[in-house]
Amino acid sequence: MSADLTKRDFAKAVGAAALGMAAAPPAGFAQTPAESQPKPVQGRAASFPDGFAWGVATSAFQIEGAVKEDGRGPSIWDVYAHKPGKIRDGSNADVANDHYHRYRDDVKLMQDMGVRNYRFSTAWTRIFPDGVGQPNAKGLDFYSRLVDALLEAGIEPFATLYHWDLPQALQDKGGWQSRDTAKAFADYAGYMAGKLSDRVKRFFTINEFFSFVDIGHRGIDETVGGKKVRIEFAPGLKLSNSRLNQVRHNAVLAQGLSVQAIRANAEAGTKCGPADNLATAVPAIETPANIKAAEIATREMNASYLTVILEGKYTDAYLAATGGDAPKFTDEDLRIISSPVDFIGINIYRPAVYVVASEHPGGFRPVPFNRSHPRMLSTWHLLGPEAMYWAPRLAHSLWKPGEMYITENGCAASDEMSASGIVDDSDRVMFLRNNLVHLQRATVEGLPVKGYFHWSLMDNFEWSDGFSSRFGLVYVDFKTQKRTPKLSAAYFREAIAKNAVV
Ligand code: FCB
């Protein structure tokens, strides 16, 4: 038989299988005797623990719009988005998803997807338009109505108090370079907990320290396919090392002060903790030595954020590396920063780095991402679903947090609506399934991961990418505000219904 014929027969068999047809093995393929055919394994599918919380996430600035309504004050992102050249597609978030007016429809979208938990953020400038002073009752009323609508729909609200939208009035007084901002944040956090904890039982304090501190106050350069890509966020500063380290310190101080304020004002039983994008080192090959190396690397990469929050001290390596530029702090600061939390939220999109063990004094060797390493649509989004297992595993071995939530995970994709009105986001389904496989491993091994929030419910304003990066399970036509669930929404609904990887 010629090689050509074999190839054609093979193509025919594959084509038939794709249409769900049983094809006879083409001539030339070995026949497997019946007794050595693989036997189906009896037992449960790749299930998650009972009560596992499935949810979706959004943030206020990215979806709400209505930026001048009902007394809302401007945030640093309003100001930044209106500066020419800052947002890739020249857009701003004045309208965004118009969620402020359409929140009831959006709650219904979640309900239809079988989502039982929702992580949203509250906009500081709706509550305190200038960051401090008299609260704005209309701003609070919006979140109160949203929470009621969620509860009526059987959806548990998880509120994030800071998702990067600092009041511009506080920026004008130094922003996160000032300790007063940390105090103002705690006052706002305590106020929100006092008002909402009759119905909101879990609060996330601050979202992703690195993103708003480092990217907002220095900016980062990523190398993508040999080219440098610059990423900057509001307020768009380029601070010196010593000032940047002080901003980092003020941000974790805000974390500790807000935990204390929430405890002082919330109803008994209210839980809180940060939602951070833990920079995760993944062992390139799973051996005890490489796992240890990944643990050391993860602890050091997070020295100025989760490590100091959960250990109450800066690591020796961090203090040595920052030297004369180290932040100025007191022992009392460290006690505040490490105020005990009830859980940690982990936002995980990719491994920060792969590592192997090394004789080098640091104890690990970073393995560079190969130039051909696959990635998702966003320039920064290298693919490594195993980070979804290693992030909670390493956080647990380092710090033993009582509970963990995956507070964000997802990907942008080149989603397009077909002529018949459907959005087949095959790559997002692939991404999601692979991430869930690794998360399921974490839960099977007994790690206390209590839930998973997909980023995001719907396409929205993706910071400096504007509307050009679609992260939603639901497609949004930003001209008409029409919402259309994508294939991935159907996948997610099925995973939730089965409480398993599907
Ligand atoms: C995270 C942010 C979130 C969104 C996703 C894609 O870093 O917390 O607001 O931008 O990335």
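### Description of the overall build of the protein
So, step 1. The number of helices and strands found in the protein is 17 helices and 15 strands.
So, step 2. Relative to its length of 502 residues, the protein is compact, with a C-alpha radius of gyration of 24 Å against a globular reference of 23 Å.
So, step 3. In terms of overall dimensions, the protein has C-alpha extents of about 85 × 60 × 45 Å along its principal axes.
So, step 4. Every one of the 502 residues in the protein was classed for burial, and the buried ones make up 56%.
So, step 5. Only carbon and sulfur atoms are counted for the fraction: they give 54% of the accessible area of the protein, which is about 21300 Å².

### Focus: the side chain of Ser 464
So, step 1. Looking at the element boundaries, Ser 464 is found in the loop between β13 (449-455) and β14 (474-477).
So, step 2. Within the structure, Ser 464 has its side chain in polar contact with the backbone oxygen of Glu 232 (distance 3.5 Å).
So, step 3. Sequence-distant contacts of Ser 464, that is, excluding residues within four places in its chain, are made with Trp 77, Lys 86, Ile 87, Arg 88, Glu 232 and Phe 233.

### Here we look at the sheet that holds strand β4 (residues 202-207)
So, step 1. Pairing in this closed barrel of 8 strands is parallel, and the strands run β1-β2-β3-β4-β7-β9-β12-β13 around the ring. Going from strand to strand, the sheet's axes swing by 25 degrees on average, the running direction of each strand aside.
So, step 2. Pairing between strand β2 (residues 117-121) and strand β3 (residues 156-162): 5 bridges, direction parallel. Across the sheet, Asn 117 pairs through a bridge with Glu 156, a residue of β3.

### Let's talk about the site of the ligand
So, step 1. What surrounds the ligand is the set Gln 62, His 163, Trp 164, Asn 207, Glu 208, Tyr 349, Glu 408, Trp 455, Glu 462, Trp 463 and Phe 471.
So, step 2. Residue Asn 207 places a side-chain N or O atom 3.0 Å away from an oxygen atom belonging to the ligand.
So, step 3. The contact in question runs from an oxygen atom of the ligand to an N or O atom on the side chain of Glu 462, over 2.9 Å.
So, step 4. The protein chains hide 94% of the 290 Å² of surface that the ligand would expose on its own.
So, step 5. Here the shell around the ligand is built from residues that sort into 5 nonpolar, 3 polar and 3 charged.

### Some details on the pairing of strand β5 (residues 220-224)
So, step 1. Side-chain alternation along β5 places Ile 220, Glu 222 and Val 224 on a buried face and Asp 221 and Thr 223 on a face that remains uncovered.
So, step 2. Here β5 pairs with strand β6 (residues 227-231) via 5 bridges, running antiparallel. Across the sheet, residue Asp 221 finds its bridge partner in β6, namely Arg 230.
So, step 3. Connecting the antiparallel pair β5 and β6 is a turn made up of 2 residues, with Gly 225 showing a positive phi of about 55 degrees.

### Brief notes about the environment of Val 449
So, step 1. Topologically, Val 449 is positioned in strand β13.
So, step 2. Distance in space between the C-alpha atoms of Val 449 and Phe 48 is 9.9 Å, their sequence separation being 401 residues.
So, step 3. Beyond its immediate stretch of four places on either side in the chain, Val 449 contacts Phe 52, Pro 392, Met 404, Ile 406, Leu 439 and Thr 443.

### Side note on the nonpolar core
So, step 1. Residues Trp 77, Tyr 143, Phe 185, Leu 436, Tyr 452 and Phe 492 are the most contacted members of the largest nonpolar core, which totals 133 residues.
So, step 2. Per-element accounting of this core gives the leading share, 10 residues, to helix α10 (residues 241-265).
So, step 3. Leave out the neighbours within four places in its chain, and Tyr 143 touches Ala 60, Glu 64, Phe 120, Ser 121, Thr 122, Ala 123, Arg 126, Ile 127, Met 192 and Leu 196.
So, step 4. Ala 57, Phe 158, Tyr 405 and Phe 453 belong to the second-largest nonpolar core, a separate cluster that totals 11 residues.

### Looking at the confidence of the model for the protein
So, step 1. Of the residues in the protein, 91% reach a pLDDT of 70 or more, and the chain-wide mean stands at 93.
So, step 2. Within the model, the stretch residues 1-26 combines pLDDT values under 50 with 13 contacts to residues more than four positions away or in other chains.

### A look at the pattern of salt bridges
So, step 1. Throughout the structure, instances matching the rule amount to 33 salt bridges.
So, step 2. In this structure, Asp 180 engages Lys 183 in a salt bridge whose closest nitrogen and oxygen atoms are separated by 3.9 Å. With Asp 180 and Lys 183 both in helix α8 (residues 179-196) and 3 residues apart, this pair spans about one turn of that helix.
So, step 3. Between Lys 292 and Glu 295 there is a salt bridge; the shortest N-O distance is 3.1 Å. With a gap of 3 residues between them, Lys 292 and Glu 295 both fall in helix α11 (residues 288-301), about one helical turn apart.
So, step 4. Judged by its relative accessible area of 47%, Lys 292 is partly exposed.
So, step 5. Glu 295 gets classed as buried once you look at its relative accessible area, which sits at 17%.
So, step 6. Salt bridges sharing partners connect three or more residues here, namely Asp 415, Asp 425, Arg 428, Asp 459, Arg 470 and Lys 486.

Cut-offs applied
Residues numbered from 1 in each chain as written. Predicted model: local features only at pLDDT ≥ 70, side-chain atom pairs only at ≥ 80, totals over all residues. Heavy atoms only, no water. Helix = DSSP H or I, 4+ residues; strand = E, 2+ residues; numbered from the N terminus. Rg over C-alpha atoms; globule rule 2.2 N^0.38 Å. Buried < 20%, exposed > 50% of the residue type's maximum accessible area, 1.4 Å probe, protein only. Areas by Shrake-Rupley, 256 points an atom, 1.4 Å probe, with all protein chains shown as cover. Polar contact = N/O pair within 3.5 Å; in protein donor to acceptor, adjacent residues only side chain to side chain. Contact = heavy atoms within 4.5 Å. Pairing = 2+ DSSP bridges. Axes fitted to C-alpha atoms, helices over the stretch in contact; angles between N-to-C directions. Near = heavy atom within 4 Å. Nonpolar A, V, L, I, M, F, W, Y, C, P; charged D, E, K, R; others polar. Core = buried A, V, L, I, M, F, W, Y, C linked by side-chain atoms within 4.5 Å. pLDDT = per-residue confidence, 0-100. Salt bridge = Lys/Arg side-chain N within 4 Å of Asp/Glu carboxyl O.

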